[in-house]
Amino acid sequence: MSVMPANPAVAEPRTGRSLPDPMRTVRRPAASRAKAMLGTRIGSAAAVLIAVLWTVPTAGLFISSIRPEAQIRTTGWWTFLTSPSFTLENYQEVLFGRASSGALAGFFLNSVVITVPATLIPLTFATMAAYAFSVLRWRGRDTLFVVVFALQIVPLQMSLIPLLRIFAGTGAAEVFPYLAVWVAHSAFAMPLATFLLHNFMSEIPRELVEAARVDGAGHVTVFLRVMLPLLVPAIAAFAIFQFLWVWNDLLVGLTFTGGNNAVQPLTARLSEMAGSRGQDWHLLTAGAFVSIVVPLIVFVTLQRYFVRGLLAGSVKG
């Protein structure tokens with residue numbers, strides 16, 4: 001009686017050539033298929049077209065910011081290419097000019113003071129919460145994680161007034177004028193930060209944690225020396241999201257600063273820069289470009305981690 005080979009697809013009966021094993025054929029992951037598609041000429045052309053469409057408005061904004069006021073009011077920014085004429089008066093006015101039309105230097109510093117802590121605070125607490133949800137085992141862990149994740153669907157507009165009433169008229173708000181806006185931004189960012197970091201941390205092999213525990217490491221050591229170095233892409237991705245969201249925010253900053261120019265963010269000043277009758281709208285180009293310089297620096301610095309952290313937990317295999 002003939003015996004069937006264990007793997008009939010290993011060799012062809014007549015020629016003896018090796019054939020691929022159909023049982024070992026695995027479908028390529030979505031990331032590989034997307035990479036192959038983008039590597040074609042059509043994908044490259046589409047990427048170039050998107051880059052051009054994305055860059056042209058920014059280039060027009062920059063060109064308009066260095067043109068004289070008379071030319072901004074009468075001609076389009078593209079005329080700069082045929083008859084170039086530039087000036088730095090717009091930047092001088094918006095940064096150091098009169099308070100009614102500029103003086104963005106102080107508001108720029110306010111945005112930095114608001115944005116940096118409002119990015120670091122939720123990152124710190126969300127990283128520890130993600131470790132508790134993904135590594136530690138305790139009763140009700142999954143249920144509580146679903147509750148935290150569900151908090152993302154709560155509109156922030158619904159919680160602005162309750163949060164504002166908690167801080168309004170308190171001694172803490174008078175001593176630390178930025179405290180209310182820090183807490184507000186941190187509270188709104190915690191659900192997404194915890195979800196993103198939890199997904200990334202769940203992909204880390206548990207053998208690393210077990211090996212560290214066998215060597216006598218406690219949870220603090222595992223968290224600081226094993227998990228944190230591996231979480232850099234996810235932390236950088238969320239840091240970009242949170243930094244851009246807080247830097248470009250108007251509603252939360254305007255609500256929790258109470259109209260106090262000493263602590264108002266840059267966006268609040270930009271919203272008033274056009275003037276009461278729209279007579280200073282030409283200064284918005286310089287003011288807008290000043291406001292995007294810092295986010296561009298942050299994104300360019302952390303961009304290599306952005307895609308890796310953005311796809312955390314979404315691709316398997």
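Whatever comes next refers back to the structure up there.
Counting from 1, residues in each chain are numbered in the order their sequence is written. It should be noted that, the model being predicted, local features are given only for residues of pLDDT at least 70 and side-chain atom pairs only at 80 or more, the latter also being counted only at that level, while totals for whole chains, interfaces and linings use all residues. Hydrogens are left out, water is left out, and the side-chain values use all remaining heavy atoms of the structure.

Let us look at the overall build of the protein. Think of it this way: any DSSP run of H or I at least four residues long counts as a helix, any run of E at least two long counts as a strand, and we number them from the N terminus. For the protein, the helix and strand inventory stands at 15 helices and zero strands. Evaluated residue by residue, the protein yields a buried proportion of 35% over its 317 residues. Expressed as a percentage of contacts within the protein between residues at least 6 apart in sequence, the contacts between residues at least 24 apart total 69%. Using a 1.4 Å probe, the Shrake-Rupley method yields the accessible areas, and only the shown protein chains count as cover for residues. A total of about 19500 Å² of accessible surface is found on the protein, and carbon and sulfur atoms cover 68% of it. For each residue, the accessible area found with a 1.4 Å probe, counting protein chains only, is set against the maximum for its type, and the residue is called buried under 20%, exposed over 50%, and partly exposed in between. It only takes one pair of heavy atoms within 4.5 Å for two residues to be counted as in contact.

Pairing of aromatic side chains requires ring centres within 6.5 Å, counting the rings of Phe and Tyr and the six-membered ring of Trp. Pairs whose planes differ by under 30 degrees are stacked, by over 60 edge-to-face, and all others tilted. Enumeration over the complete set of coordinates arrives at ten aromatic pairs. Each ring, one from F62 and one from F289, has its centre 4.9 Å from the other, and the planes form 45°; the classification is tilted. Within this pair, whereas F62 is found in helix α2 (residues 41-65), its partner F289 is found in helix α15 (residues 283-310), the two being separated by 227 residues in sequence. Given a relative accessible area of 36%, F62 falls into the partly exposed group. Ring geometry for W77 versus W78: centroids 6.0 Å apart, planes at 75°, classification edge-to-face.

The subject of this paragraph is the pattern of salt bridges. Oppositely charged side chains may form a pair once their charged atoms are brought near each other. One side-chain nitrogen of Lys or Arg within 4 Å of one carboxyl oxygen of Asp or Glu is enough to make a salt bridge. Counted by the stated rule, this structure contains two salt bridges. For E69, the salt bridge identified is with R73, shortest N-O distance 3.0 Å. Here the residue E69 and the residue R73 both occupy positions in helix α3 (residues 69-74), the gap between them amounting to four residues, near one helical turn. Given a relative accessible area of 37%, E69 falls into the partly exposed group.

What follows is about the nonpolar core. Take the buried residues of types Ala, Val, Leu, Ile, Met, Phe, Trp, Tyr and Cys, join any two whose side-chain atoms come within 4.5 Å, and each joined set is a nonpolar core. Core analysis: the largest hydrophobic core is formed by 23 residues, its most contacted members being Y131, V135, M201, V222, M227 and F238. Of all the secondary structure elements, the ones that give two or more residues to this core are α5 (104-134), α9 (179-202), α10 (206-214), α11 (219-230) and α12 (232-247). Looking at this core, the element that brings in the most residues is α9, giving six residues. In terms of nonpolar packing, the next biggest core, distinct from the first, is built from 18 residues, I66, M273, L283 and V290 among them.

This part takes up the packing of α5 against α11. Note on method: axes are straight lines fitted to C-alpha atoms, helices fitted across the in-contact stretch only, with angles between N-to-C directions ranging 0 to 180 degrees. Between α5 and α11, the least distance of the axes is 12 Å, while the angle of their chain directions is 110°. By the criterion of interaxial angle, the relationship of α5 to α11 is roughly perpendicular. Residues T127, M128 and Y131 of α5 touch α11, and the partners they reach there are H219, V222, F223, M227 and L228. Ten residue types, Ala, Val, Leu, Ile, Met, Phe, Trp, Tyr, Cys and Pro, are classed as nonpolar, four, Asp, Glu, Lys and Arg, as charged, and the remainder, Gly among them, as polar. Within the contact of α5 with α11, the residues separate by chemical class into six nonpolar, two polar and no charged. Note that the term roughly parallel is reserved for angles under 35 degrees, roughly antiparallel for angles over 145, roughly perpendicular for angles of 65 to 115, and oblique for everything else.

Here we come to the environment of L231. Following the sequence through the fold, L231 ends up in the loop between α11 and α12. Owing to a relative accessible area of 0%, L231 belongs among the buried residues under this scheme. Sequence separation between L231 and H198 is 33 residues, and the spatial gap between their C-alpha atoms is 9.9 Å. In this structure L231 touches T127, L197, F200 and M201, once residues within four positions along its chain are discounted.

Turning to the environment of R213, a few remarks are in order. Looking at the element boundaries, R213 is found in helix α10. In contact with R213, other than residues within four places in its own chain, are G218, H219 and V222.

Examined against the element boundaries, N90 turns out to sit in helix α4 (residues 89-96). Of note is the side chain of N90, whose polar atom sits 3.1 Å from the backbone oxygen of S65. Discounting residues that sit within four places of it in the chain, N90 has contacts with S64, S65, R67, I72, H282, L283 and A286. The definition of a polar contact used here is a pair of N or O atoms within 3.5 Å, where within protein one atom must be able to donate a hydrogen and the other to accept one, and adjacent residues in sequence count solely through side-chain atom pairs.

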